[in-house]
Amino acid sequence: MPDVTLDKDFDSLEEYSMNKYIAPLTLLTVLLSAMARGDESTGFYTELDALYFASPGDFDSEQTFGVTLGYDFNSKHALELEAQINGLDAAQPGYDVDADLISYLVGYRYNGWQRDKYTLFMGLGVGYSNAEFNIRPTEETDDSVFMGFVRIGAAMALTEQLNLSAELRYQHIDDVESDGTKFEIGGVPVVGLSLGYSF
């Protein structure tokens, strides 16, 4: 009898372990299918991005350049992978800081109002940034921090495959740290322009 009970308990535990993964996977499959159903506006696209960071914490205002790879599930919903590279400078009494940030983000984009060649969109995303510091005259170090953003924007189709978009985003980057010294970046208003190409 004890052996039979243990076998039953093990079978129940194994069945529970399998079922707890089936439900989320089923929900994700249904969601993605619903997003793609009934719309032929699917496919990959890429964007070249130019962003302007306004007064990011302890650092001066700077320009950022990036590239985005996205996938349209339909005319409304898209997922995006974004990479940014940014050089930040901060001059403080006694030292001068150059920080190179390479950031990677995953985001969701919702295309709302659409008419003729114009589209209004919004989105959000999260990721992380790897910051390399050159603190003159002597120190070099690096740090990895969390980042996230929300954004709104407008796009205009130039041709069937090319589009131009402008956006306003609020982008947050955690404080970066070097040997106990913290440099604040924080929440930053960002203005951006992008040139997109749909495959």
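Read on for a plain summary of the structure. (Residues numbered from 1 in each chain as written. Predicted model: local features only at pLDDT ≥ 70, side-chain atom pairs only at ≥ 80, totals over all residues. Heavy atoms only, no water.)

Side note on the pairing of strand β7 (residues 162-173)
Part 1 of the argument: Across the two faces of β7 the burial differs, with Asn163, Ser165, Glu167, Arg169, Gln171 and Ile173 buried and Leu162, Leu164, Ala166, Leu168, Tyr170 and His172 not buried at all.
Part 2 of the argument: Two elements, β7 and strand β10 (residues 186-198), share twelve bridges in a ladder whose sense is antiparallel. Of the residues in β10, the one forming a bridge with Ala166 is Leu193. (Buried < 20%, exposed > 50% of the residue type's maximum accessible area, 1.4 Å probe, protein only. Helix = DSSP H or I, 4+ residues; strand = E, 2+ residues; numbered from the N terminus. Pairing = 2+ DSSP bridges.)

Brief notes about the nonpolar core
Part 1 of the argument: Phe53, Leu101, Phe133, Ile173, Val176 and Ile185 are the most contacted members of the largest nonpolar core, which has 18 residues in total.
Part 2 of the argument: Elements that contribute at least two residues to this core include exactly β1 (43-53), β4 (95-115), β5 (118-136), β6 (139-157) and β10.
Part 3 of the argument: Among the elements that line this core, the one with the most residues is β4, at four residues.
Part 4 of the argument: Setting aside residues up to four positions removed in sequence, Ile173 forms contacts with Phe53, Leu101, Val145, Phe146, Met147, Ile185 and Gly186. (Core = buried A, V, L, I, M, F, W, Y, C linked by side-chain atoms within 4.5 Å. Contact = heavy atoms within 4.5 Å.)

Here we look at the pairing of β10
Part 1 of the argument: With nine bridges joining them, β1 and β10 adopt antiparallel strand pairing. Each residue of the ladder has a partner; that of Glu47, found in β10, is Gly196.

Re a negative patch on the surface
Part 1 of the argument: There is a patch of like negative charges on the surface, built from Asp89, Asp100, Glu132 and Asp142.
Part 2 of the argument: Within the fold, Asp89 resides in strand β3 (residues 77-92). (Patch = residues over 30% accessible without salt bridge, like charges linked within 9 Å, V, L, I, M, F, W, Y side chains within 5 Å. Areas by Shrake-Rupley, 256 points an atom, 1.4 Å probe, with all protein chains shown as cover. Salt bridge = Lys/Arg side-chain N within 4 Å of Asp/Glu carboxyl O. Lys, Arg positive; Asp, Glu negative; His and termini not counted. Charge placed at Lys NZ, Arg CZ, Asp CG, Glu CD.)

Quick word on the environment of Asn111
Part 1 of the argument: Inspection of the secondary structure assignment puts Asn111 in strand β4.
Part 2 of the argument: When the C-alpha positions of Asn111 and Ala155 are compared, they lie 9.5 Å apart, and in sequence the two are 44 residues distant.
Part 3 of the argument: Not counting residues within four places of it along the chain, the set of residues in contact with Asn111 comprises Asp72, Ser75, Lys76, Thr119, Leu120 and Phe121.
Part 4 of the argument: At 3.4 Å, the side chain of Asn111 and the backbone oxygen of Ser75 are in polar contact. (Polar contact = N/O pair within 3.5 Å; in protein donor to acceptor, adjacent residues only side chain to side chain.)

Observations regarding the side chain of Arg109
Part 1 of the argument: Of note, Arg109 is situated in strand β4.
Part 2 of the argument: Residue class for Arg109 comes out buried when judged on its relative accessible area of 9%.
Part 3 of the argument: Other than its neighbours up to four places away in sequence, Arg109 contacts Tyr45, Glu47, Lys76, His77, Ala78, Glu80, Phe121, Met122, Gly123, Arg151 and Ala155.

In short, geometric facts, not functional conclusions.
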